[in-house]
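Listed below are the residues making up each chain.
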Amino acid sequence: MKRLGSTAGRLGRPKLHSTDEEIDILAYFCSHSHSSVRTAASEMNVPPTTVWRILRRNKWHPFSIHGVQGKEPTDYSSRLDFCNRALNQEDANPSFL
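Predicted model only: the values in this text are computed from it and were never measured.

Each value, and the rule that gives it
Residues numbered from 1 in each chain as written. Predicted model: local features only at pLDDT ≥ 70, side-chain atom pairs only at ≥ 80, totals over all residues. Heavy atoms only, no water. Helix = DSSP H or I, 4+ residues; strand = E, 2+ residues; numbered from the N terminus. Buried < 20%, exposed > 50% of the residue type's maximum accessible area, 1.4 Å probe, protein only. Core = buried A, V, L, I, M, F, W, Y, C linked by side-chain atoms within 4.5 Å. Contact = heavy atoms within 4.5 Å. Arc of directions from axis to C-beta. Phe/Tyr/Trp six-rings, centres within 6.5 Å; stacked < 30°, edge-to-face > 60°. Salt bridge = Lys/Arg side-chain N within 4 Å of Asp/Glu carboxyl O.

Undergrad: Hey, could you run me through unusual backbone geometry in this one?
TA: For asparagine 45, which is not glycine, the phi dihedral falls at a positive 60 degrees. Looking at the element boundaries, asparagine 45 is found in the loop between α2 (37–44) and α3 (48–57). Of note, lysine 59 is a non-glycine position whose phi angle comes to about 60 degrees, a positive value. By relative accessible area, which is 69% here, lysine 59 ends up exposed.

Undergrad: Would you mind going over the nonpolar core with me for this structure?
TA: It is characteristic of soluble globular proteins that their nonpolar side chains tend to be buried jointly. Counting residues in each nonpolar core, the largest one holds 11 residues, listed as Ile25, Leu26, Tyr28, Phe29, Val37, Ala40, Ala41, Val46, Val51, Ile54 and Leu55. Only α1 (19–31), α2 and α3 provide two or more residues apiece to this core. Ranked by the residues each element gives to this core, the list is headed by α1, at four residues. Sequence-distant contacts of valine 46, that is, excluding residues within four places in its chain, are made with Glu21, Ile25, Ala41 and Val51.

Undergrad: What am I meant to see in α2 here?
TA: Helical periodicity: at 3.6 residues per turn, an α-helix aligns residues three or four positions apart in one direction. Turning to α2, its buried residues are Val37, Ala40 and Ala41. Buried positions in α2, seen along its axis, are confined to an arc of 100 degrees and lie on one side of it. The exposed residues of α2 that point more than 90 degrees off its buried face are Arg38, Ser42 and Glu43. Just downstream of α2, asparagine 45 is the residue with a positive phi angle, here 60 degrees.

Undergrad: What's the story with the packing of aromatic side chains in this structure? I'm lost.
TA: Ring pairs (aromatic) are described by centroid distance and by the angle formed between their planes. Within the structure shown, the criterion is met by one aromatic pair. For the pair tyrosine 28 and phenylalanine 29, a centre-to-centre distance of 5.6 Å together with 85 degrees between the ring planes defines the contact as edge-to-face. When sorted by exposure, tyrosine 28 lands in the same class as phenylalanine 29, which is buried.

Undergrad: Is there a simple way to explain the environment of alanine 86 in this structure?
TA: The topology assignment puts alanine 86 in helix α4 (residues 76–92). By relative accessible area, which is 14% here, alanine 86 ends up buried. Sequence-wise, alanine 86 and phenylalanine 96 are 10 residues apart; in three dimensions their C-alpha atoms are separated by 8.3 Å.

Undergrad: How should the pattern of salt bridges be read in this particular structure?
TA: For side chains of opposite charge, pairing can occur when their charged atoms come near one another. One pass over the structure, following the stated rule, counts one salt bridge. When the shortest N-O distance is used, the salt bridge between arginine 57 and glutamate 22 registers 3.2 Å. Separated by 35 residues along the polypeptide, arginine 57 in helix α3 and glutamate 22 in helix α1 bring together distant segments of the chain. Note on glutamate 22: relative accessible area 13%, which makes it buried.

And the structure:
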């Protein structure tokens, strides 16, 4: 029995990208490991959803840095105090750290 809408025994929409395009996208992220999906998509002239789909299929995750704490010049003395306390604790108890 033939299924409606299927191509080569698969259901759903046919693949819109080629294997070469998939290899190019994976190679892009190998050489630009800190790039975003949007940047890669615009540089490679493909939709961002295609890039996401290819990365997910290959169990890759785009890397992005999210700054959650800012360092202020006034933080220096408190960080130094913390380090000195930690070193003193390490002297008193070698398994502290």
